[in-house]
Amino acid sequence: KEIRRQYEGKKIIYSLGRLVGYKGYEYLIDAATWLGDEYVVLIGGNGPLKEKLQLQIEQLGVADKVKLLGFIPEEESADYFGACDVFCLSSVWKTEAFAIVQVEAMSCGKPIVATLIPDSGVSWVNRHGYSGLNVPIMDAKAMAEAIRDLTKDEETQRKYGEQARKLYEACYRYDQMIDNCMKLYERINKK
């Protein structure tokens, strides 16, 4: 409630991760230029690109729309997932193989905007048109359009959020993942 109160009247777009090159945060910051004043982009995490990203925010004139939050302690992380309207994964390299943060957002019933990273499982985790939308890498305008599409009205946002939660329940709960792995091992063992 405190996070929502701090950004009252805003649609909160949240992202979390180390501030490093493969995370593509510069494209998420660029996307803010395509978003209206009713949006705020919150980026949690520290890393070597913090100063460069802050400079980009200032140069683009989006300091009122993009906030680098710094390190988010684990006990506060769920609060940001719970407060956001959309979780955005802007990664650009296949170093981002799965992105557990997507699963964390889904567990909170949040729609996802993720990128179509070649040879990565990111867009497999976020099912396009179901749990959220996947956009081409390094495409700030497409990212902003997807964010707007997911938040265009309460019904759309609610539908994608509910479907994200269903996907989490069906595929990514701890017990479900262990069970699926054991079934796979059993099938392999029989061969």
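Quantities reported herein were computed from a predicted structural model and do not represent experimental measurements. (Residues numbered from 1 in each chain as written. Predicted model: local features only at pLDDT ≥ 70, side-chain atom pairs only at ≥ 80, totals over all residues. Heavy atoms only, no water.)

Asker: Give me the lowdown on the pairing of strand 2 (residues 39-44), citing residues and values where you can.
Answerer: Among the six residues that make up strand 2, six are buried, leaving the element largely enclosed by the rest of the structure. The alternating pattern of strand 2 places Y39, V41 and I43 and V40, L42 and G44 on opposite faces, both of which are buried. Crossover connection from strand 1 (residues 11-16) via helix 2 (residues 25-32) to parallel strand 2: handedness right-handed. Pairing between strand 2 and strand 3 (residues 66-70): four bridges, direction parallel. In the sheet register, I43 faces strand 3, and the bridge partner there is L68. (Buried < 20%, exposed > 50% of the residue type's maximum accessible area, 1.4 Å probe, protein only. Helix = DSSP H or I, 4+ residues; strand = E, 2+ residues; numbered from the N terminus. Right-handed = clockwise from strand over helix to strand, strands pointing away. Pairing = 2+ DSSP bridges.)

Asker: Describe the sheet that holds strand 1, with residues and values.
Answerer: Ordered in space as 3-2-1-4-5-6, the six strands form an open sheet in which the pairing is parallel. Edge strands, defined here as strands with exactly one partner in the open sheet, are strand 3 and strand 6 (132-136). In this sheet, adjacent strand axes meet at a mean angle of 25 degrees when their direction is disregarded. In this structure, strand 5 (residues 112-116) lies alongside strand 6, joined through five bridges in parallel fashion. Within strand 6, the position partnered with A114 by the bridge is N134. Against the sheet, helix 7 (residues 140-150) engages strand 1, strand 2, strand 4 (86-88), strand 5 and strand 6, with an angle of about 165 degrees to strand 6. (Axes fitted to C-alpha atoms, helices over the stretch in contact; angles between N-to-C directions. Contact = heavy atoms within 4.5 Å.)

Asker: Provide a residue-level description of the packing of helix 8 (residues 154-172) against helix 9 (residues 174-190), including the pertinent values.
Answerer: Where helix 8 meets helix 9, the closest approach of the two axes is 6 Å, and the angle between their N-to-C directions is 40 degrees. Judged by the inter-axis angle, helix 8 sits oblique to helix 9. The residues of helix 9 that touch helix 8, namely those facing E169, A170, C171 and Y172, are Y174, Q176, M177 and N180. Grouping the constituent residues of the contact of helix 8 with helix 9 by class yields five nonpolar, two polar and one charged. (Parallel < 35°, antiparallel > 145°, perpendicular 65-115°, else oblique. Nonpolar A, V, L, I, M, F, W, Y, C, P; charged D, E, K, R; others polar.)

Asker: Can you explain the side chain of S90? Please cite residues and give values.
Answerer: Relative to the assigned elements, S90 resides in the loop between strand 4 and helix 5 (100-107). Side-chain polar atoms of S90 contact the backbone oxygen of K23, separated by 2.8 Å. Engagement of the side chain of S90 in a polar contact is seen with the backbone oxygen of G24, the distance being 3.3 Å. In this view, S90 contacts K23, G24, Y25, L28, T115 and M143; residues no more than four positions away in its chain are not counted. (Polar contact = N/O pair within 3.5 Å; in protein donor to acceptor, adjacent residues only side chain to side chain.)

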